[in-house]
Amino acid sequence: MRPKHSDMMQKDCVRVAVRVRPFNKRERDAGSRCIISMVPSSITIQDPRDPQNRRSFCFDYTYWSHSGFIQDTTGKYLSEDTGGRYADQDTVFQDLGEGILENSLQGYNATLLAYGQTGSGKSYSMMGYGANKGLVPKLCERLFESIKENQDSRRCQVFFSMLEIYNEQVIDLLSRGSRAAGGLRVREEQHRGFYVEGLRTVPCETAQQVEQLTEQGMRTRTTAATHMNANSSRSHMLISLQLKQIFSKESTTKQSNINLVDLAGSERQKLSGSEADRLKEGTAINLSLTTLGNVISALADVAVGKKVVHIPYRESVLTKLLQSALGGNSRTVMIATLSPADICYEESLSTLRYAERAKRIQNRAVVNESPTERLVKELKAENVRLLQRLSRLGQEGRRASDETKELRQLLTHNELQIKAIQTLWEQHLQEALKDLEEQYANITKERRMMQMHPYILNINEDAQLSGVVKLFIQEGEWDVGLSDSSPKSISIKGLGIQEHHAVFRNEQRCVTLTPMARSKVIVNGNTVCQTTVLQHLDRLILGSNCTYLFIGFPSERTGDDWNCYDYDYFQAEVAAAEGIRLAESSPGSNQTDPSLLAVFYDYIKLMPMVTEANQMSQELHKGVEFKLEIKNLALSDSKGHDLKKDIVVRVTTLGNKQVWLWSKAKFINRKFLMEEMYQQHQAAQTEENKSESLCAATFTRDQDPFWDPVEPLLLGTAHLWLQTLAFRIPLEEQLEVLGSEGTEEAILQAQLVPCSSTGFPLSEDDILIDPSELLGRRLDFQLVLEQCCGLRWIREVHNRGVQVGFKLFDCPQPLYTPASWHNINPLLDHRTHFASLQTSQTLLDYLQSSAVVLELWGLQDGCTELTSCLDEMRMTPDSVFIIDKPGPTDQTSLDCELSSSFRVLQRDLEEMKSLNSLLKKENQNLREQFAARNSGRSGRPSCDAEFARALKVFYHSMTSVRGQLQRLRRHRPSEESDMVGLRFFVDEHGRLLRDFSEQLEDCVSKLKQDVAAIVRRKREKSELYM
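Residues numbered from 1 in each chain as written. Predicted model: local features only at pLDDT ≥ 70, side-chain atom pairs only at ≥ 80, totals over all residues. Heavy atoms only, no water.

Colleague: Would you mind going over the pairing of strand β41 (residues 851–859) in detail, with residue names and values included?
Modeller: Burial analysis of β41 places eight of its nine residues in the buried class, which makes it a mostly covered element. Two strands pair when backbone bridges link them, and strand β33 (residues 713–721) and β41 are joined in this way by eight bridges, in the antiparallel orientation. By the bridge assignment, Gly716 is partnered in β41 with Leu856. (Buried < 20%, exposed > 50% of the residue type's maximum accessible area, 1.4 Å probe, protein only. Helix = DSSP H or I, 4+ residues; strand = E, 2+ residues; numbered from the N terminus. Pairing = 2+ DSSP bridges.)

Colleague: A description of the environment of Glu347 should follow, citing residues and the corresponding values.
Modeller: Along the chain, Glu347 falls in helix α8 (residues 345–358). We classify Glu347 as buried; its relative accessible area is 12%.

Colleague: Can you break down the nonpolar core residue by residue, with the values?
Modeller: In a soluble, globular protein the nonpolar side chains are often hidden away together inside. Counting 53 residues, the largest nonpolar core has Tyr603, Phe626, Leu628, Phe667 and Phe706 as its most contacted members. If one sorts the elements of this core by residue count, helix α12 (residues 594–619) sits on top with 12 residues. Not counting residues up to four positions away in its chain, the partners in contact with Phe706 are Ala613, Met616, Ser617, Leu620, Lys622, Val624, Phe626, Trp660, Met674 and Met677. (Core = buried A, V, L, I, M, F, W, Y, C linked by side-chain atoms within 4.5 Å. Contact = heavy atoms within 4.5 Å.)

Colleague: Hey, could you go over the UniProt feature "binding site: ATP" (unreviewed entry) in the protein for me, with residue numbers and the actual values?
Modeller: Feature annotation in UniProt assigns "binding site: ATP" (unreviewed entry) to the following positions: Gly116, Gln117, Thr118, Gly119, Ser120, Gly121, Lys122 and Ser123. Along the polypeptide, Gln117 turns up in the loop between β8 (110–115) and α3 (122–126). Assessed through its relative accessible area of 11%, Gln117 is described here as buried. Setting aside its immediate chain neighbours within four residues, Gln117 contacts Lys122, Gly265, Ser266, Glu267, Ser339, Cys344, Glu347, Ser348 and Thr351. For Ser123, the location among the structural elements is in helix α3. Among all residues touching Ser123, those that are not within four sequence positions of it are Gly128, Asp262 and Gln464. (UniProt positions renumbered as here; feature names shortened; annotations may be inferred.)

Colleague: An account of the side chain of Asp884 is needed here, citing residue identities and associated values.
Modeller: Among the secondary structure elements, Asp884 is positioned in the loop between β42 (881–882) and α17 (891–933). Buried charge without a salt bridge: Asp884, with Arg874 as the nearest opposite-charge side chain at an N-O distance of 7.7 Å. Here Ser836 takes part through its side chain, which lies 3.2 Å from a polar atom of the side chain of Asp884. (Lys, Arg positive; Asp, Glu negative; His and termini not counted. Salt bridge = Lys/Arg side-chain N within 4 Å of Asp/Glu carboxyl O. Polar contact = N/O pair within 3.5 Å; in protein donor to acceptor, adjacent residues only side chain to side chain.)

Colleague: A description of the packing of aromatic side chains should follow, citing residues and the corresponding values.
Modeller: One pair of aromatic rings is described through two measures. These are the centre distance and the angle between the planes. For the structure on display, the rule yields 14 aromatic pairs. Aromatic pair Phe69 and Tyr86: ring centres 5.0 Å apart, planes at 35°, arrangement tilted. Of the two residues, Phe69 is situated in strand β6 (residues 69–71) and Tyr86 in the loop between β7 (77–79) and α2 (89–105); the sequence distance between them amounts to 17 residues. Between Phe834 and Phe881 the ring centres are 5.9 Å apart and the planes differ by 40°, which places this aromatic pair in the tilted class. Residue Phe834 is found in strand β40 (residues 827–836), and its partner Phe881 is found in strand β42; the two are separated by 47 residues along the sequence. Per residue, the accessibility class of Phe834 equals that of Phe881, and both read buried. Ring-pair connections join several aromatic residues into one group, and the members of that group are Phe626, Trp662, Phe667 and Phe706. Sitting above the plane of the Trp64 ring, Arg85 keeps its charged end 4.1 Å from the centroid. (Phe/Tyr/Trp six-rings, centres within 6.5 Å; stacked < 30°, edge-to-face > 60°. Lys NZ or Arg CZ within 6 Å of the ring centre and 35° of its normal.)

This is the structure we're talking about:
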């Protein structure tokens, strides 16, 4: 059961609501499972890796919007059953919006915070979409309805403002002028607290005016995001409604502020210890959200009685502006939005914990008296006193003309002040109405032009900002770019946009697009360099990432819904042009492999960011190139199972060809730091006309996000299978070292040599037929790395080196060969001796099913070589590495067992000595009998030795068969292949398949023949000697 909204006015603690959204497309494609369950006022989340691990949380409101809904003809989502559990937008508003409205009408400040990861439904709950209006528009509608209902008893004034906080910069979304460099300043005043200096506040009389201003703010937000190269999911949007109620009869005034805050996405890119960034994570981009978490935690501690020395309101712009909402003079509600998918478990759990802390906060809300009305009262009272003094001076008949003159001037000044205060609202309202009339005229003109001309429509990563900007292509020739000097120009600002970027031509009801020299233009995923005819719903990307949808002539529009062409569609199209497509898990399955799906979505998410990073590097003259790669695309573990795939970014300096591999999280962090540097560079050029070299000089190399100290890079791996060791058969192979994406990095010559404890190779007579004979016995072998040939890493840049690393069975640390520099075909000649003192079944299973993974590491000039850490390695005095360590035992119980066994052994020792002499005599007699029986069979060859030799030949043959199979797996057609090329590929693939089949058949046939011959000879000789 939900608490009534009237309960919100009885306590000043923060109220918390949690809402669960439906699966999105990505989660449906991945076959995600719902891990959220809900009962009234309680929500439970289940760990997908451990179904028994469940966490439950209690909140003031819980909303199930995941399932149980239908869409009516207007597009509105409703519960499919009367009284069903589905919570629609109206339900959320009745609980949260009505309570906020009542608080504000009573004169309390009220705040609504929307918190959650990107894509969890914050903006939908706050703003809504289409027919499903969110909290903000519904609250504005109800506010003006309430004002109209009570207009006889009170006079109301409403001021509207809208701002965005990105990277600690405040942007006025209603500003009519150009954006101030560095954003607006946040100042503090004793009575007002923190406020934004110069923020435009617009008086409103109707909800329609607020709606128009919101649209204007969204348009500005879209443009600002493009200009600043910003990501809207990392920005906070704050809408403020200032409500002033003047009660004439009571001669009182109530003034309240309603703050509606759509916070930035709460997700964090996690950096493991091995890939931690030397530069601070997020810098200013995450400062506000991080500080908000610290403030909430501190206030939650205060609420439970802990002593807190400092609450860090002043450490970020957001927390300064929300100081009254958190622990201050406000009644506050937080709505936390969740994804129910198992792939979002960590983020959803983090959001629930955050919301649980927030509900402990207690505020101190009071009814607000308007300082303006108090000032009017004080001025009127002072005027009365002045009039009384003037009257007394007149009655006394004194000649005090100077004093009388001074008093009259003061009286006149006070009257002017009173008049100015009383007329301030009317003046502001007239100015606002004039602006709204101009805006309405522009909207009318825009709608008229939409019915006459083709245009391009902006597509943004944030669906709320898509379709906001429309650029019309009227008849004639139109220049597109940064320049707006010509009346026939369409001004577009953004990263990678040239002064004259492209030309649109609208002639004879045909629109063409012609890119200018050195301008980047992509149409439907493909880069174009020549004039291209545009069709209705073509997708355009100008510069680094200015995405637009082309809307053709009205006659070409057939009612197609352009909403399917979202931001991900654009990026997926570009990825497909680069050869990155979603692959199905099996030919007959419609379900995409979830791991591949996650990699695909990460790839298309990072694609525009990599493009922007390359553009910033170019404009800042950094000489650094970024390229996306799929980590572990063609690599497998020691069992041959595919490794987990992930996205990495290869960073290469164009000068000395130094290379880094950055994880996804590290690159995203660096991308925000690059934006910060780029914005400082732009500000310096705009304000002071400084060169980029002077701007870049403010960053030392250690602070430069484009640079890192060089480190060894994993170039690729090769697998040396260990099965022959179980039979004590030596193995010599030439292994292909495959890179992460399947490229051949080198050829590695390696051997496995079964040997004695002193290191001498075993003979053929030591080959085993049954591997179980090794159990409990010592096994020695050597891993020999002879030579590495054809190193692509060193062929590209000569001043590089390589090392080979490997880790066998239970070795705690990897071992490395010495570094080899400046040689394409280095001679390694590295030999490592391993021994198992008592071979266990676990080791035997490992040898028969696993490979040692040989890692090829690339070294660069200035990086530290890899060294083998021998501290945790067990070794014999002869420097032989011991593997197959016995399992842990309980030392205490072992000592007790040994003590009792020792006493028993002492008693039995004497008996065994006497028994031993008898056994020696009996053993001698048996030897004599055995020698006499086999005196005629000394020339018979050993069938076991023949069988061992046959197995050795078979395993060597299988080595070439395995190599042929690897070649088949890597054999793919070229991306540029035409029909002739594909036919050639099919013929070549067929030939390789026939060769593989013939080799495999010959190998197995030869083994069958050898085994049959051995069995036949053994049977014949057995009959002969019977």
